Amino acid sequence: MDRQAIMEQGLTQPLVAPLLSPAARRRQLREKVIAGFITLMAFTGIAALILIIIFVAKEALALFTEPEARHEASLSKMFLAQDVAPGRPPFRWQPVSKVPKVSMIPLFVGTLKTTAVSMLVAVPLGVFGALFAAEFAPRRLRELLKPVIELLAGIPSVVLGFFALMVMSTVVKEALGFDRPLNAMLAGLGLALAIVPVIFTVSEDALTSVPRSYREASLALGATPWETAWKVVLPAAAPGILAACVLGFGRAIGETMIVLMASGNADVISWSLGDSARSLSATIAAEMGEVVVGSPHYSLLFFIGVQLFIFTFVLNLIASTWTRRVVRKLTGGAS
Amino acid sequence: MTPNTRRAVGLALTSLTGLAAFIIIAMLGIILFNVVENGAGGVTWTFLSKPPEDGMMGGGIFPAIFGTAALTLLMTVAVMPVGVLTAVYLHEYAPPNSLSARFVRVAVVNLAGVPSIVFGLFGLGFFILFVGQGMDRALGHEEMYWAQPGILWASLTLAVLTLPVVIVSTEEALRAVPMDHRTASLALGATQSQTLGRVVLPGALPGILTGAVLAISRGAGEVAPILFTGAAYFLPDLPTHLNSQFMHLGYHTYVMATQSPDVEATRPLLYSTVLVLLLLTFALNLVAVIIRTRTRRKAAGSH
């Protein structure tokens, strides 16, 4: 028979599966069960993420369904200026006073203030530090720098909060002449300690993924090492560095203990860094302990949690898109 | 610009980046020095083995050390199987370019970015109020038994929080096991699960341990997720049941630092508590770093 005939025969006659012994069949079944179990376990991560949003949102839902909560904490009371006696601030967060005031604006301002300070300090430190580690540092120094960053990242945030509260507060107050020891500036500096490692690590990854040939070509054309780093390597890694900053920003928004301990937690709206500030995350931490389960105040705190979840979720998506972009750009679309 | 000025400008800016790196190292140094200087004197055997006395003005922190250890132990038991199997799925079982593996990865990345305080809300809303109340109803407890903050719920909340840490390190460890080992095992007639259990997982064990250690170090230091899921400020008794509340080093630090009636009197105890907490997390991190450098070197040598 020629090839053609064999192939046609193969097409018309159904293939017979080889007969398996019962032991082999049991083994096959066992393999399938194990593979199924492992796949099932792998979906725990997805399930956890979905459960988080469902259960945090579920407790906040009462704000929109129950008449009492809707009256006490409507969206307009949360986000718009309130009619108050002249001279009183129109935005206040005092959910447990006789007439509850539930404006989220002071919390947004507080979060933005502390986060802005931390970014202004941590971005230059983290990116420049990473540039040094990736481009200029002698090998020994680089090997020292990496464990140092890991140790810094390993310090629990409550310890950083403690350090800001006990040690940095007097230094900052004296140096900048603030009235209060606990203020937005101090909380921002404490936050910077927490996000420098994030920004450094992600930036350094992006910088070291730039191919050697970029640097060699630039140096061969007569550029100095600094010009190579600044005008060739840094632009090539730019999306990754942006991703690092976005990740640091997300971490700073969600960070709780440092702000809770160092910011003073007053619901004032001002742009002065010497005033105390109250952030979204710290508000949840400070008030959830004493709240009545099911009350409007309780739902409000969960609603803040939903907002925090959404902010950080969006920031993470942006960061991971940019990180992928830097990989795709540098490998020429291979991955 | 002449070449000389270009070089000078470059050198100046390069030293600026060096300065940034130096500041980072100095920050760590200052924090460590300050904590060790003020805390080392107070870390005695009595301090480590006695419960607090005189309204936190004296005694030790043994219940907090015990609570932290018990909490992280329960957390590790919960997170390791799930985390390791998820990584095994992603690296060994999922078909290449599989959509579900992509979803799992996206979920893990986003889970890692969820603020820790939101995990606390999740622990309260899901574990205590939903699972706990459901269990009380199903098991016929008249008064609250499971539907209250306790060490089990706190440790499960932390397990969800540390899941990405375990998955990422385990996957890195699996990647370091050479493909040849797998193909050799399969060629000898071993099934996929036999290959996994006898070749791949033993080969990846150091990396998996790194993941466990990193998760423990992260879990031991987190305070925000346990604020309303089980931590208590002062409990002379150790937790005996899965629904008992517990003392915790980090929470203890927070309360002593912010709510002490006499800051000056508690300061030495506070510093010693922080030192113990720092030593604990640093020792764990150091172990992780050592295991990882070793495995990386081995992996680099085998290619």
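Our subject is the structure listed above.
Residues numbered from 1 in each chain as written. Chains lettered and ligands numbered in written order. Predicted model: local features only at pLDDT ≥ 70, side-chain atom pairs only at ≥ 80, totals over all residues. Heavy atoms only, no water.

Trainee: Which residues make up the overall build of chain A, and what values go with them?
Mentor: Each helix and strand counted, chain A has 16 helices and 2 strands in total. Against the compact-globule benchmark of 20 Å for 335 residues, chain A has a radius of gyration of 28 Å, which places it well outside the compact range. Judged by the C-alpha coordinates and their principal axes, chain A covers about 105 × 65 × 35 Å. Within chain A, the proportion of its 335 residues that are buried is 48%. A total accessible area of about 16400 Å² is found for chain A, and carbon and sulfur atoms account for 66% of it. (Helix = DSSP H or I, 4+ residues; strand = E, 2+ residues; numbered from the N terminus. Rg over C-alpha atoms; globule rule 2.2 N^0.38 Å. Buried < 20%, exposed > 50% of the residue type's maximum accessible area, 1.4 Å probe, protein only. Areas by Shrake-Rupley, 256 points an atom, 1.4 Å probe, with all protein chains shown as cover.)

Trainee: Mind laying out the interface of chain B and chain A, listing which residues take part and the relevant values?
Mentor: If you look at the interface, chain B gives 74 residues, while chain A gives 77 residues. Taken together, the connections running from chain B to chain A amount to 1 salt bridge. Viewed at the interface, chain A and chain B are joined by 5 residue pairs in polar contact (both at pLDDT 80 or more). Taken together, the elements giving at least two residues each to the side of chain B that touches chain A come down to α1 (3–39), α3 (62–93), α4 (99–113), α5 (116–139), α6 (151–176), α8 (192–221), α9 (249–259) and α10 (263–301) of chain B. Examining the composition of the side of chain B that touches chain A, we find that 19 residues originate from one element, α1 of chain B, more than from any other. When the residues that make up the side of chain B that touches chain A are grouped by side-chain class, the tally is 49 nonpolar, 21 polar and 4 charged. (Contact = heavy atoms within 4.5 Å. Salt bridge = Lys/Arg side-chain N within 4 Å of Asp/Glu carboxyl O. Polar contact = N/O pair within 3.5 Å; in protein donor to acceptor, adjacent residues only side chain to side chain. Nonpolar A, V, L, I, M, F, W, Y, C, P; charged D, E, K, R; others polar.)

Trainee: Outline the packing of aromatic side chains, listing residues and values.
Mentor: The way to describe two aromatic rings as a pair is by their centre distance and the angle between their planes. All names here are of chain B. Following the criterion strictly, the structure yields 21 aromatic pairs over all chains and no others. Measuring from ring centre to ring centre gives 5.3 Å for Phe 122 and Phe 126, while their planes differ by 5 degrees; the resulting arrangement is stacked. One end of the pair, Phe 122, and the other, Phe 126, are both in helix α5, 4 residues apart, so they sit about a helical turn from each other. According to the relative accessible area criterion, Phe 126 is buried, its value standing at 12%. (Phe/Tyr/Trp six-rings, centres within 6.5 Å; stacked < 30°, edge-to-face > 60°.)

Trainee: Give a detailed account of the pattern of salt bridges, specifying residues and quantitative values.
Mentor: Tallied over the entire structure, the rule returns 15 salt bridges over all chains. A salt bridge links Glu 135 of chain A to Arg 215 of chain A, with the nearest nitrogen and oxygen atoms 2.8 Å apart. In this pair, Glu 135 of chain A sits in helix α7 (residues 105–136) while Arg 215 of chain A sits in helix α11 (residues 212–220), placing the two residues 80 residues apart along the sequence. We note a salt bridge from Glu 171 of chain B to Arg 105 of chain B, for which the minimum N-O separation is 2.9 Å. With Glu 171 of chain B in helix α6 and Arg 105 of chain B in helix α4, this pair connects stretches of sequence that are 66 residues apart. Each of the salt bridges in this network shares a partner with another, and the network as a whole consists of Arg 105, Glu 171 and Arg 175 of chain B.

Trainee: Could you give an account of the packing of helix α12 (residues 225–236) of chain A against α1 of chain B, with specific residues and numbers?
Mentor: Running from N to C, α12 of chain A and α1 of chain B cross one another at 65 degrees; their axes reach a closest spacing of 8 Å. In terms of orientation, α12 of chain A lies roughly perpendicular with respect to α1 of chain B. In contact with Pro 225, Trp 226 and Glu 227 of chain A of α12 of chain A, α1 of chain B contributes Arg 6, Arg 7, Gly 10, Leu 13, Thr 14 and Thr 17 of chain B. Residue classes in the contact of α12 of chain A with α1 of chain B are distributed as 3 nonpolar, 3 polar and 3 charged. (Axes fitted to C-alpha atoms, helices over the stretch in contact; angles between N-to-C directions. Parallel < 35°, antiparallel > 145°, perpendicular 65-115°, else oblique.)

Trainee: Just give me the short version of the packing of α7 of chain A against α1 of chain B, but keep the residues and values in it.
Mentor: Each pair of packed helices can be summarised by the angle the axes make with each other and by the distance between the axes. Two numbers describe how α7 of chain A lies on α1 of chain B: the axes approach to 7 Å, and their chain directions differ by 115 degrees. Between α7 of chain A and α1 of chain B, the angle falls in the class roughly perpendicular. Note on packing geometry: the crossing formed by α7 of chain A with α1 of chain B is left-handed. Note on element contacts: α1 of chain B touches α7 of chain A through Thr 14, Leu 16, Thr 17, Gly 18, Ala 20, Ala 21, Ile 23 and Ile 24 of chain B, opposite Pro 124, Leu 125, Phe 128, Gly 129, Leu 131, Phe 132 and Phe 136 of chain A. (Left-handed = near helix turned anticlockwise from the far one by under 90°.)

Trainee: Please give an account of the side chain of Arg 215 of chain A that cites residues and values.
Mentor: Relative accessible area serves as the criterion here: at 18%, Arg 215 of chain A is assigned to the buried category. Within the local environment of Arg 215 of chain A, its side chain forms a polar contact with the backbone oxygen of Val 210 of chain A, the two atoms lying 3.1 Å apart.

Trainee: Hey, could you go over the environment of Asp 179 of chain A for me, with residue numbers and the actual values?
Mentor: Positionally, Asp 179 of chain A belongs in the loop between α9 (157–176) and α10 (184–208). By relative accessible area, Asp 179 of chain A is classed as exposed at 69%.

Trainee: Run through the nonpolar core, naming residues and quoting values.
Mentor: Core analysis: the largest hydrophobic core is formed by 183 residues, its most contacted members being Ile 155, Leu 207 and Met 288 of chain A together with Tyr 89, Ile 117, Leu 227 and Tyr 254 of chain B. In this structure Leu 227 of chain B touches Met 257 and Ala 285 of chain A together with Ile 117, Tyr 251 and Tyr 254 of chain B, once residues within four positions along its chain are discounted. (Core = buried A, V, L, I, M, F, W, Y, C linked by side-chain atoms within 4.5 Å.)

Trainee: Give me the lowdown on the environment of Ala 26 of chain B, citing residues and values where you can.
Mentor: Inspection of the secondary structure puts Ala 26 of chain B in helix α1. In the structure, Ala 26 of chain B is positioned 237 residues away from Val 263 of chain B in sequence and 27 Å away in space, judged by C-alpha atoms.

Trainee: Could you give me a rundown of a nonpolar patch on the surface, with the residues and numbers involved?
Mentor: Residue and element names in this part refer to chain A. On the surface, Ile 310, Phe 311, Val 314 and Ile 318 cluster together to form a nonpolar patch covering roughly 300 Å² of accessible area. Structurally, Ile 318 can be placed in helix α16 (residues 296–330). Ile 318 gets classed as partly exposed once you look at its relative accessible area, which sits at 32%. (Patch = residues over 30% accessible without salt bridge, like charges linked within 9 Å, V, L, I, M, F, W, Y side chains within 5 Å.)

Trainee: Talk me through a positive patch on the surface; I want residue IDs and the actual numbers.
Mentor: A cluster of basic residues, Arg 324, Arg 325 and Arg 328 of chain A together with Arg 102 of chain B, forms a positive patch at the surface. Considering every element that reaches the positive patch, the biggest residue donor is α16 of chain A, with 3 residues. With respect to the element layout, Arg 325 of chain A can be found in helix α16. (Lys, Arg positive; Asp, Glu negative; His and termini not counted. Charge placed at Lys NZ, Arg CZ, Asp CG, Glu CD.)

Trainee: Describe the side chain of Asn 243 of chain B, naming the residues involved and giving the relevant values.
Mentor: Residue and element names in this part refer to chain B. Position of Asn 243 relative to the elements: it lies in the loop between α8 and α9. In terms of polar contacts, Asn 243 uses its side chain to reach the backbone carbonyl oxygen of Tyr 145, at 3.0 Å. Not counting the four nearest positions on each side in its chain, Asn 243 is found in contact with Tyr 145, Trp 146, Gln 148, Pro 149, Gly 150 and Ile 151.

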